[in-house]
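Architecture and fold: a report
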Amino acid sequence: MIKENVKRLLSEVPEGVALLAAAKERTADEISEAIRAGITIIGENYLQDAQKVLSEVKEKAEWHFIGHLQTKKAKKVIDIFDMIESVDSLRLAQEIERCCARRNQIMPVLIEVNSGEEEQKYGVLPKDLPELIKEISPLKHIKIMGLMTMGPRFGNPEESRPYFIKTRNLFNQIKDLHLPNVEMKHLSMGMTNSYQIAIEEGANLVRIGTKIFGARRES
Ligand SMILES: *Cc1c(COP(=O)(O)O)cnc(C)c1O
């Protein structure tokens, strides 16, 4: 089933749009199957889950951290992930910088935007984004490569559109600043129910779980 789902999605997604398989709660076997079917990027929300499956998944892929990252876990996340899509504070960026400097490594990151300006959600508020990017960009072991957003959850994906538009406008705004050490390349938005709308509004990285792996257990 996973194989068919991946093939269908890959044929459907336009050229230039990368497909990330959001693998929370999935087994190593399920992840391996997705990679063998053509997935090249795996997203994980929790460090412990990733540590467990990474030792078992033999197929090569790029691993993106897409969950909320606590500062104290930054070091271990850097050990195993190729990109962190959820940087949303200077404090977290400084910790990533410290750990990467020690290892002489550069970590590509996306800045997570709380595009719905929801109180309980992670991500930087749109009004604070330019300032945060200006503060992080001088850090030598971090490379800002774009933005990520979740947006509010709706039954009707059309309602997500304004939040995707808002994030795309922010993306272009930052791009136009031509800040040193900032390369606005990836715009990560859209999940199973909203990815088509997100792509219409400029997403070039979509994060899909359910439509690849099937429904999750109720969480
Ligand atoms: C779970 C998750 C997704 C994918 O969600 P689906 O609705 O299952 O496609 C995408 N991004 C993040 C950050 C997630 O946690």
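Everything below is about the structure shown above.
Fair warning: this is a prediction, and the values are worked out from it, not measured in the lab. (Residues numbered from 1 in each chain as written. Predicted model: local features only at pLDDT ≥ 70, side-chain atom pairs only at ≥ 80, totals over all residues. Heavy atoms only, no water.)

Our focus in this paragraph is the overall build of the chain. Helix and strand counts for the chain stand at nine helices and eight strands. Its C-alpha atoms give the chain a radius of gyration of 17 Å, near enough to 17 Å, the size a compact globule of 219 residues would have. Dimensions of the chain along its principal axes, counting C-alpha atoms only, are 45 × 40 × 30 Å. In the chain, which comprises 219 residues, the proportion classed as buried is 50%. Of the contacts made within the chain by residues no fewer than 6 positions apart, 61% connect residues no fewer than 24 positions apart. (Helix = DSSP H or I, 4+ residues; strand = E, 2+ residues; numbered from the N terminus. Rg over C-alpha atoms; globule rule 2.2 N^0.38 Å. Buried < 20%, exposed > 50% of the residue type's maximum accessible area, 1.4 Å probe, protein only. Contact = heavy atoms within 4.5 Å.)

Attention shifts here to the site of the ligand. Close contacts around the ligand come from 13 residues, with K24, N45, T192, G209 and T210 the closest. R207 places a polar side-chain atom, nitrogen or oxygen, 2.8 Å from a nitrogen atom of the ligand. Notes on the ligand: free accessible area 380 Å², of which the protein chains cover 95%. Class assignment for the residues of the shell around the ligand results in five nonpolar, four polar and four charged. (Near = heavy atom within 4 Å. Polar contact = N/O pair within 3.5 Å; in protein donor to acceptor, adjacent residues only side chain to side chain. Areas by Shrake-Rupley, 256 points an atom, 1.4 Å probe, with all protein chains shown as cover. Nonpolar A, V, L, I, M, F, W, Y, C, P; charged D, E, K, R; others polar.)

For the rest of this paragraph, the subject is the state of the cysteines. All told, the structure shown has zero disulfides when counted by the stated rule. The closest cysteine sulfur to the non-disulfide-bonded C99 is located on C100, 6.8 Å from its own sulfur. (Disulfide = S-S within 2.5 Å.)

What follows covers the pairing of strand β3 (residues 62–65). As defined by bridge partners, strand β2 (residues 41–44) adjoins β3 across four bridges and the pair is classed as parallel. Its bridge partner lying in β3, I42 is registered against W63. The parallel pair β2 and β3 is bridged by helix α3 (residues 47–54), and the resulting crossover is right-handed. Note: β3 against strand β4 (residues 83–87), two bridges, orientation parallel. For H64, the partnering residue across the bridge sits in β4 and is M83. Regarding topology, helix α4 (residues 74–80) serves as the crossover connection from β3 to the parallel β4, and that connection is right-handed. (Pairing = 2+ DSSP bridges. Right-handed = clockwise from strand over helix to strand, strands pointing away.)

This model, assessed by the stated rule, comprises two aromatic pairs. Taken together, a centroid distance of 5.2 Å and an interplanar angle of 85° make the contact between F65 and F81 edge-to-face. Pair noted here: F65 is in strand β3 and F81 is in the loop between α4 and β4, with a separation of 16 residues, a long-range link. (Phe/Tyr/Trp six-rings, centres within 6.5 Å; stacked < 30°, edge-to-face > 60°.)

This part covers the pairing of strand β7 (residues 182–188). Note that strand β6 (residues 142–149) and β7 share four bridges and pair parallel. Its bridge partner being in β7, I144 is matched across the sheet by V182. At this point the chain moves from β6, through helix α7 (residues 161–177), to the parallel β7, and the crossover so formed is right-handed.

To continue, consider the environment of I80. Note that I80 resides in helix α4. Classification of I80 as partly exposed rests on a relative accessible area of 27%. Along the sequence, I80 and L92 sit twelve residues apart, while their C-alpha atoms lie 17 Å from each other. Leaving out residues up to four positions away in the same chain, I80 has contacts with L47, A50, Q51, L54 and W63.

Further remarks concern the nonpolar core. Counting residues in each nonpolar core, the largest one holds 64 residues, and the members touching the most others are I96, I111, L147 and I212. The greatest single-element share of this core, amounting to five residues, is contributed by helix α5 (residues 90–103). The residues contacting I96, other than those within four sequence positions of it, are A74, I78, I84, V87, M107 and I142. With nine residues, the next largest nonpolar core counts L20, I41, I66 and L205 among its residues. (Core = buried A, V, L, I, M, F, W, Y, C linked by side-chain atoms within 4.5 Å.)

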